[in-house]
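In case you want the letters, here they are:
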Amino acid sequence: MPSYIELPAYEIVKRIKDQELMAEDYIASLYERIKKVEKDIHAYITLTEDLALKKAREIDKKVKQREKTGRLCGVGIAIKDNICTRGIRTTCASHMLEDFVPPYDATVISRIKDEDGVIMGKANMDEFAMGSSTEFSYFGPTHNPWDLGRVPGGSSGGSAAAVASGMATLALGSDTGGSIRCPASFCSVVGLKPTYGLVSRFGLIAYANSLEQIGPITKDVRDCALLLSCIASHDPLDNTSVDRPQEDYTKYLIDDVDGMKLGVVKEFFGEGTQDSVEKGVLEAITKLEELGSDHQEISLKSLQYALPSYYIIAMSEASSNLARYDGLRYGYRIPNKSYDWSTVYSKNRRFGFGFEVKRRIILGTFALSTGYYDEYYLKAQKIRTLIKRDFDMAFKKFDVLIGPTMPILPFKIGEKVQDPLKMYMCDVDSVPANLAGIPSISIPCGFSKGLPIGFQIMAPPFREDLLLRVAFSFQKNFPVSAKLRSYE
Ligand code: GLN
């Protein structure tokens, strides 16, 4: 019998509800695993063991007394540290928010609590979600569970590494330009960026709010559908949240892609794509064809401008969103010397933010300044519209679009951290979905020299059902086995 830490969430829920497994024992076994491997991986910024065990005991009591329990009954979940948790420090992996304890829960956290999920702790990430490797964390990098010398991807690297190494059964990440899918791909787990507006962003500390969504990072596609069903719902507290009836996404776990039309996006196999990644993804497409789907190549010309347009928009929004961190009301504040107001303000920001965050605030402010606004920000927004139109056109012909999640395999820690352009280039395949607001899932399709490869499937807005169906069929017929390592 597999140990509990290896089981997917739906199995855990079933066993706890059937009283075959005590939530307390299972949560304790996750913390035992954390004690063994966290020193090597560093997936967490904050652990909440006492709270989690207390919650687990409450759930066991509820089950015993035959009270109604939620869909995540007892399951241990890692939460990216930019999602506000009441009473639990939420740092955004920044010195600026090192001691910030939110007085409220993000809406997704309330939903998880309503469903009886158990929060294991707050997961490591790139500072303010800016990065693709989790190396830009004030608390130090997370290591890839498949090769400790390599990055787990980012910015939700802690969330993906926790799930991949058995330190959490589920995780939440956020995706502004790939931050769920990139680490999911690098860690061989499943990650889904929902359609813009499907999941509430209330309580998500903003990086670039017109682009980002919270979403699930899980061991398999079934868990992904389960967690999405729990967090996706209309929220009056987020004015971009779309008012749609709530769905049970697990009903779309259908092993059938017969007759489906897959578009293989040419631009996703452009310059810089590693051969091993290309080969892995093309093999996955062939396998989907064996299952009865049809594929054809398609070119979306506007995608060649996706990366620069994403970075201009994301940095511009960041420069505005991060203006609130002045250290006056909350956040890092330099020791009290008798400086004047503006010196205190600038020193708080100078020492409170890391260099990548400062670089983006400066570039974003520049792109928005008089004289440059039309040249950069406005132009980027126009390209964004073209990209959206190209996707709309493609979806007239195809049910879903497919490409690699990442152009490269997980790289070595330290390899790109000094070269921002090289780091930004990693996002070339993930940012288009954010610019267009469409849903995208990354699922594992194999390994090359021991390193994970993932591919992404994109669908029209609010067609998460199609993503889950294709992903589920692939996973069911061609499972990628990923055994937990001992790190001894
Ligand atoms: N790597 C991208 C960036 O740095 C995406 C980050 C994210 O999705 N939060 O902006």
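Student: Where do I start with the packing of aromatic side chains in this structure?
Tutor: In this description, an aromatic ring pair is defined by two values, namely the gap between the centres and the angle between the planes. One pass over the full model with this rule turns up 21 aromatic pairs. Both rings, one in Y325 and one in F353, keep their centres 6.2 Å apart while their planes meet at 90°; by these two values the pair is edge-to-face. Taken together, the residues span a long stretch of sequence, with Y325 in the loop between α9 (306-321) and α10 (341-352) and F353 in the loop between α10 and α11 (355-368) at a distance of 28 residues. By the ring-pair criterion, three or more aromatic residues cluster together here, those being F100, F128, Y325, Y330 and F353.

Student: Would you mind showing me how to read the packing of helix α4 (residues 107-114) against helix α7 (residues 221-231) here?
Tutor: At a minimum axis separation of 8 Å, α4 and α7 run at an interaxial angle of 110°. In terms of orientation, α4 lies roughly perpendicular with respect to α7. Across the interface between the two elements, V108, R111 and I112 of α4 pack against L227, C230 and I231 of α7. Classifying every residue of the contact of α4 with α7 gives 5 nonpolar, no polar and 1 charged.

Student: Which parts of the structure should I look at to understand the sheet that holds strand β4 (residues 170-175)?
Tutor: Adjacent strands of a sheet form backbone hydrogen bonds with each other and so pair up, either parallel or antiparallel. Read from one edge to the other, the open sheet built from 11 strands follows the order β1-β3-β2-β4-β6-β5-β10-β11-β9-β7-β8, with strand pairing classed as mixed. Either end of the sheet is taken by a strand with one partner, and the two such strands are β1 (44-47) and β8 (294-298). Strand-to-strand, the axes of this sheet are offset by a mean angle of 30°, without reference to chain direction. The pairing of strand β2 (residues 76-80) with β4 spans 3 bridges and is classified as parallel. In the strand pairing of β4, A78 is matched with A171. Across the face of the sheet, helix α8 (residues 275-290) comes into contact with β7 (261-265), β8, β9 (400-404), β10 (440-448) and β11 (451-458) while running at roughly 55° to β11. With respect to the sheet, helix α15 (residues 464-477) is in contact with β5 (190-193), β9, β10 and β11, its orientation differing from that of β10 by roughly 20°.

Student: I would appreciate a short explanation of the pairing of β5 in the present structure.
Tutor: Regular strands show a simple pattern: their side chains alternate between the two faces of the sheet. Going residue by residue along β5, you find V190 and L192 tucked away on one face and G191 and K193 tucked away on the opposite face as well. Pairing analysis gives 2 bridges linking β5 to strand β6 (residues 213-218), with the strands arranged antiparallel. When the bridges of β6 are listed, V190 appears paired with T218. Strand direction decides the pairing type here: β5 and β10, joined by 3 bridges, are antiparallel. Directly across from G191, in β10, lies its bridge partner S442.

Student: It is not clear to me how the site of the ligand should be interpreted in this structure. Could you clarify?
Tutor: With respect to spatial proximity, 15 residues lie near the ligand, and among them T176, G177, S179, Y207 and Y310 are the closest. Contacts to the ligand include S132, whose side-chain N or O atom sits 2.9 Å from a nitrogen atom. Here an oxygen atom of the ligand and a side-chain polar atom of Y310 are 2.6 Å apart. Contact with the protein chains hides 99% of the accessible area of the ligand, taken as 290 Å² for the molecule alone. A breakdown of the residues in the shell around the ligand according to their chemical character gives 5 nonpolar, 7 polar and 3 charged.

Student: Any chance you could explain unusual backbone geometry here in plain terms?
Tutor: With omega at 5°, the peptide bond leading from G154 into S155 counts as cis. Inspection of the secondary structure puts S155 in the loop between β3 (118-123) and α5 (157-164). In this structure, A93 takes a positive phi of about 55° despite not being glycine. Its place among the elements puts A93 in the loop between β2 and α4. Of note, F462 is a non-glycine position whose phi angle comes to about 65°, a positive value. Structurally, the position occupied by F462 is in the loop between β11 and α15.

Student: Explain the packing of α9 against α11 here, please?
Tutor: Packed helix pairs are specified by the crossing angle of their axes together with the interaxial distance, meaning the distance between the axes. Where α9 contacts α11, the axes come no closer than 7 Å and their chain directions differ by 100°. Considered as vectors, α9 and α11 are oriented roughly perpendicular to each other. Between α9 and α11, the residues in contact are Y311, I312, M315, S316 and S319 and R360, I361, L363, G364, T365, A367 and L368, respectively. The residue inventory of the contact of α9 with α11, partitioned by class, reads 7 nonpolar, 4 polar and 1 charged.

Student: It is not clear to me how the nonpolar core should be interpreted in this structure. Could you clarify?
Tutor: A general trend in soluble globular proteins is that nonpolar side chains are found buried together. Counting 162 residues, the largest nonpolar core has I27, F128, F391, L401, I441 and F455 as its most contacted members. The contacts of F391, once residues within four sequence positions are left out, are L300, L303, L401, P432, A436, I438 and M458.

Student: Whenever I open this one, the pattern of salt bridges confuses me. Can you help?
Tutor: Note that side chains of opposite charge can pair when their charged atoms are close. Applying the stated criterion across every chain, the model contains 23 salt bridges. E11 is the salt-bridge partner of R15, the closest N and O atoms lying 3.3 Å from each other. Remark: E11 and R15 occur in helix α1 (residues 9-17); sequence separation between them is 4 residues, near one turn of the helix. Exposure remark for E11: the relative accessible area of 27% places this residue in the partly exposed category. The partner of D18 in a salt bridge is K14, and the shortest N-O contact between them spans 3.4 Å. Ionic contacts of the salt-bridge type, sharing partners, join the residues K55, K62 and D116 into one network.

Student: How do you make sense of the side chain of D81 when you look at a structure like this?
Tutor: With respect to the element layout, D81 can be found in the loop between β2 and α4. By relative accessible area, D81 is classed as buried at 0%. Residue contacts for D81: discarding those within four places in its chain leaves I45, R89, T90, T91, C92, K122, A123 and M125.

Student: Is there a simple way to explain α1 in this structure?
Tutor: An α-helix turns once per 3.6 residues; consequently, residues spaced three or four apart project the same way. The set of residues buried in α1 consists of A9, I12, V13, R15 and I16. Buried residues along α1 sit against α2 (23-41), α3 (49-64), β4 and α7. Just beyond α1, the residue with positive phi is Q19, at close to 60°.

Basis of the calculations
- Residues numbered from 1 in each chain as written.
- Predicted model: local features only at pLDDT ≥ 70, side-chain atom pairs only at ≥ 80, totals over all residues.
- Heavy atoms only, no water.
- Phe/Tyr/Trp six-rings, centres within 6.5 Å; stacked < 30°, edge-to-face > 60°.
- Helix = DSSP H or I, 4+ residues; strand = E, 2+ residues; numbered from the N terminus.
- Axes fitted to C-alpha atoms, helices over the stretch in contact; angles between N-to-C directions.
- Parallel < 35°, antiparallel > 145°, perpendicular 65-115°, else oblique.
- Contact = heavy atoms within 4.5 Å.
- Nonpolar A, V, L, I, M, F, W, Y, C, P; charged D, E, K, R; others polar.
- Pairing = 2+ DSSP bridges.
- Buried < 20%, exposed > 50% of the residue type's maximum accessible area, 1.4 Å probe, protein only.
- Near = heavy atom within 4 Å.
- Polar contact = N/O pair within 3.5 Å; in protein donor to acceptor, adjacent residues only side chain to side chain.
- Areas by Shrake-Rupley, 256 points an atom, 1.4 Å probe, with all protein chains shown as cover.
- Core = buried A, V, L, I, M, F, W, Y, C linked by side-chain atoms within 4.5 Å.
- Salt bridge = Lys/Arg side-chain N within 4 Å of Asp/Glu carboxyl O.

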